[in-house]
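If you want the building blocks of each chain, they are given just below.
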Amino acid sequence: MRKSLLLAATAISAMSVPALAQDRDDGVFDDNVIIVTAQRQAQSAQDVPIAVSAFSQAALEAQQIENSSDLQLTLPNITFTKTNFTSSSFTIRGIGDLCVGVSCDQATAIHLNDQPLFSTRLFETEFFDLERVEVLRGPQGTLFGRNATAGVVNVVTAKPRMGEFQASGDVEYGNYNAIKVKGMVNIPIGDTLSFRGAGIYVKRDGYTTNLNGGPDLDDRELYSVRGSLRFEPSPDTTIDLFASYFREDDNRMRIQKQYCQRDPTGILGCLNNSRDAESFNANSTFTAALSSREFLAIRGIPTAFALGSLYGPDQYAGINVPADSRTVNTAFTPEYFTSELTFQGKIEHDFGPISAQLSGTYQKVKLNSRQDYNNNIGRRDGYAPALNTLAAAAAGLIPGLPASYFAPIAAAIIPDGPNGVLCTSDTDTIGLGSFGGNRICDMTPLQYDRSNQENSSWSAEAIISSDLDGPFNFLVGGIYADYHLTENSYYVNAFAIDYVTGLLGSFTTLGLGLPPSFLGTPYFRNNTDELKVKSYGLFGEVYFDISDKLKLTGGLRYNNDKKDVQARSTLASFLVPYGQTTNAFESPFVGSFDADPGTPGNQIFQNRQVKFNEITGRAVLDYKITDDNLIYASYARGYKSGGINPPLQPIFEVPESFLPEQVDSFEIGSKNTFGNGALQLNLTAFYYKYKNLQLSKIVARTAVNENIDADIYGAEVEAVVRPDPDWTINMGFSYLKTKVKGDTFNSDPRDFGGGRSDAVIIKDITNASNCAVASSSGSAAGVNQFVNTITSVINAGLVPGVAAGANLQPTTAFPSDGNIASTGAFGICGVLQAAAAGAFAGAGIDPAAFGGIDYFAAGIPKNIRGNDLPQAPKYKFSAGVQYTMNFDNGMSLVPRVDLAYTGESFGSIFNGNVNRIEGYAQANAQVQLNGTEDRWYIRGFIQNIFDSNAETGLYVTDQSSGLYTNVFTLEPRRYGIGAGFKF
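Quick caveat: nothing in here was measured; it's all calculated off a predicted structure.

A. Local environment of empty space enclosed by the protein. As a volume, the largest cavity reaches approximately 220 Å³. Put simply, the parts of the chain that give the lining of the largest cavity at least two residues each are β9 (151-157), β14 (220-234), β15 (237-250) and β18 (335-351). Across the lining of the largest cavity, the residue classes break down as 10 nonpolar, 6 polar and 4 charged.

Quick look at the structure:
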């Protein structure tokens, strides 16, 4: 069989376990390592100096590792979680995908058969018919495709075998009516050609109860098929062709649950101390602000059209949130669809001491997910007066309000009258929503979001390596990758948004004497219309045997990345005439919309381009004390390219782009085998100096990325103990310390006051964003008096363009247990900014008279020096025990138990109790009866014995959505039986 060129100089530390079958040979311990080709020769992983863990297919099945999420339960310093926008983060040694956006690169590079994947859905499916799964810890990139700062996950599928017919099948049934079927067939075609086909089908009922009735949510239905063809025309040449297709279509939830410590003031929505089973205060949202009596008053619109008051009951007042993380109350059934088509090819040829490899991959990915935005059903009773007023205006019953301006709103969103269904815009792509007939109607006011994406990519890689007899060998290569995203959008739709965009559009056009129009788009849509990424890398390594025991490895890589993005963000951004049937951006009024204020003229899209290049490398010195004991020390520099922040709406001053990441990694390790395999013990310690770590937070309803510096250090222990050939005990332990380096000031979206008692947090009634003002002299009384004075000016209508009658109230304190030191108020940030700059000094309002006032559009920064990085538990521990009972008739019974503990971590760089992710334990067990010669088996299994609803990650939403916390959890307890065969 051919040897993998790409794994040259790469180690696989196979701290895995045997299959649930007999694994002995005349009483001699089987060290059960995966043999790979390092330095162009087949080697035991214990002989090569890199911290990597690998699992064969048998080991994956033994430990019930069914998907990528399960890997975290047994590997040191590894965590995995779903993230907010239909993505995931595979975190290695505290470094994961903290960057959010289409132009972000993955910190952990994902490979299939040694070749890089982009925006892959590989983590969606379950493992089947694999040769192995490898997880490389630490910066890679000299050999593995585009560089990665965290590490690499490489999934290697089983290859066709020559001259041998093989087949296997497996059927499983468990609770939640779970059915899983998978199979494989290997068919030789002559002496030099062989085909292998494999597939899996998974279907189960949902895990989550919907109190609103209907089927349980969060179900799964997916399948994946693959075919491989291997051609060996000569002993020196191997050609591999591969194709796979994955598809999922079900009601799986992208976000498991939302928690909130309710803010009674409505200024924040949620407080800053805990995550409770409470509804957020909807008065903090965009829709509540723009449909409120207070906002309509400053626009001179009759307040009878208001859906409520910012000081009155909100849409979720009195609505209970079930404490159980797997119980929700929603009128919108989630939708989840994804597919991925992959083609790969590879040709390898030996030219004596020189070998060459050429490989390539093509991918096409589609994704579409929708679910209830708040996982709850809001009240409609408070809307009744406003809907009755709208109906009256639509019927021409209100003097001065022509029916032609209001009938289109009523027809679109309350087609059966104010007591009938409420219609919400569908997530169309032309920006018309309900006003173009694209709507979803229900008796309850719906709110939901959508995340969708379509992209394709291809890459090609060439490698030349040597296998010389002397002390010197080398590997050189190059890779080119082309990624093209043609659609990526995040939508937020709500009945109240339709109401607001229709109402404000009609009153605006009525006042200007324009044709009746609504404000487009009648939903929030952050849209990347196109992203092009072109990347290439040149790399090489040299290997020099200084002596029989001492070896030096050195490598360099040149990285070059170019990214072009075309994007825009819209929400009630420009007028669109009622009755328009073409794309909203063909409106005669679209000229008022500017997606790129930094460029002269009005731009329909913002276009940006960035380029990055970097030289990285590594050096390793390893020494073999004995044939079974190895020590090594290494240095590596990791790199991940920067990117482009999306356009914001409304516009805030944030960096247009973010910088590349760079990490300097120092590592020492030891790999040891004792007692002829009775004990395998690997030890690793590492230290990272991180520069420009990419970090995301929500600003103005959009993820914005920034850069910070950090230090990381830790240690890992992996061991396999075999007291005799029938017993296997595997253990893992890791310690990790991460901290933000140096004085680093950043504003916390949960606490725009920065923890200061002399600050006031303002909820802007014109767009529901937050800002803050603070006293220059530290006077809490002075800053409160200043805000109250400006509030009086706004109420009196003394601000140009702002009508009187808002009746905004004075500053108020937040609850004492909310961890908010500042006071808060509803107001208008632009007015406060002008006042703080002295714009009202001529009217007798001088900021100096209040002790001086500072204005903060993006919140008051706080120093996060020393804070832990997200998804970085300090401690992890895992252990598994397996025993094989061999019977005289050749059958065997193999019970196995696994236990894993993951320590507490934080879901946000701001740490604190509200962002704390509690530590959790998970236990799995199974027992398998194997037939003679392992031709068949029957097993029983249980996963998550303790039925833990452990959280793996969290995400804090925007201020204009209420600052609630989305959480992601492990799957609940599962159990069942299975049977299979192989021959």
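B. Layout of helix α5 (residues 384-394). For α5, the complete set of buried residues consists of A386, L387, T389, L390, A393 and A394. Down the axis of α5, the sector holding all buried residues measures 160°, keeping them to one side. The elements touched by buried residues of α5 are α6 (407-413), β20 (422-425) and α7 (495-512).

C. Seen up close, the pattern of salt bridges. Tallied over the full model, the rule gives 45 salt bridges. A salt bridge links E248 to R220, with the nearest nitrogen and oxygen atoms 2.7 Å apart. Note that E248 is positioned in strand β15 and R220 in strand β14, a separation of 28 residues in sequence. For the pair E248 and R220, a shared accessibility class is recorded, and that class is buried. Among the ionic pairs, R756 bridges to D758, the shortest N-O distance being 2.9 Å. Given the relative accessible area of 9%, D758 is considered buried.

D. Looking closely at the pairing of strand β10 (residues 166-174). Looking at chain direction, β10 and strand β11 (residues 178-189) are connected through 9 bridges and run antiparallel. Looking at the pairing, G169 lines up with G183 of β11. Taken together, β10 and the strand that follows it, β11, pair antiparallel across an intervening segment of 3 residues, in which Y176 is found at a positive phi of about 60°. Sheet topology places β10 next to strand β52 (residues 974-982); 7 bridges connect them, and they run antiparallel.

E. Inspection of the sheet that holds strand β16 (residues 257-259) at higher detail. The sheet built from 3 strands is open, its strands ordered β16-β51-β50 with antiparallel pairing. Lying at the two open borders of the sheet, with one neighbouring strand each, are β16 and β50 (951-956). Strand-to-strand twist of the sheet, defined as the mean angle between neighbouring strand axes without regard to direction, takes the value 30°. When β50 meets strand β51 (residues 965-969), the two strands line up antiparallel, connected through 5 bridges. For E951, the partnering residue across the bridge sits in β51 and is T969.

How each quantity is defined
Residues numbered from 1 in each chain as written. Predicted model: local features only at pLDDT ≥ 70, side-chain atom pairs only at ≥ 80, totals over all residues. Heavy atoms only, no water. 1 Å grid on protein atoms, 1.4 Å probe; cavity = no way out; pocket = protein on both sides within 12 Å on 5 of 7 lines; lining within 4 Å. Points joined across faces, edges and corners; volume = space filled by probe spheres on them. Helix = DSSP H or I, 4+ residues; strand = E, 2+ residues; numbered from the N terminus. Nonpolar A, V, L, I, M, F, W, Y, C, P; charged D, E, K, R; others polar. Buried < 20%, exposed > 50% of the residue type's maximum accessible area, 1.4 Å probe, protein only. Arc of directions from axis to C-beta. Contact = heavy atoms within 4.5 Å. Salt bridge = Lys/Arg side-chain N within 4 Å of Asp/Glu carboxyl O. Pairing = 2+ DSSP bridges. Axes fitted to C-alpha atoms, helices over the stretch in contact; angles between N-to-C directions.

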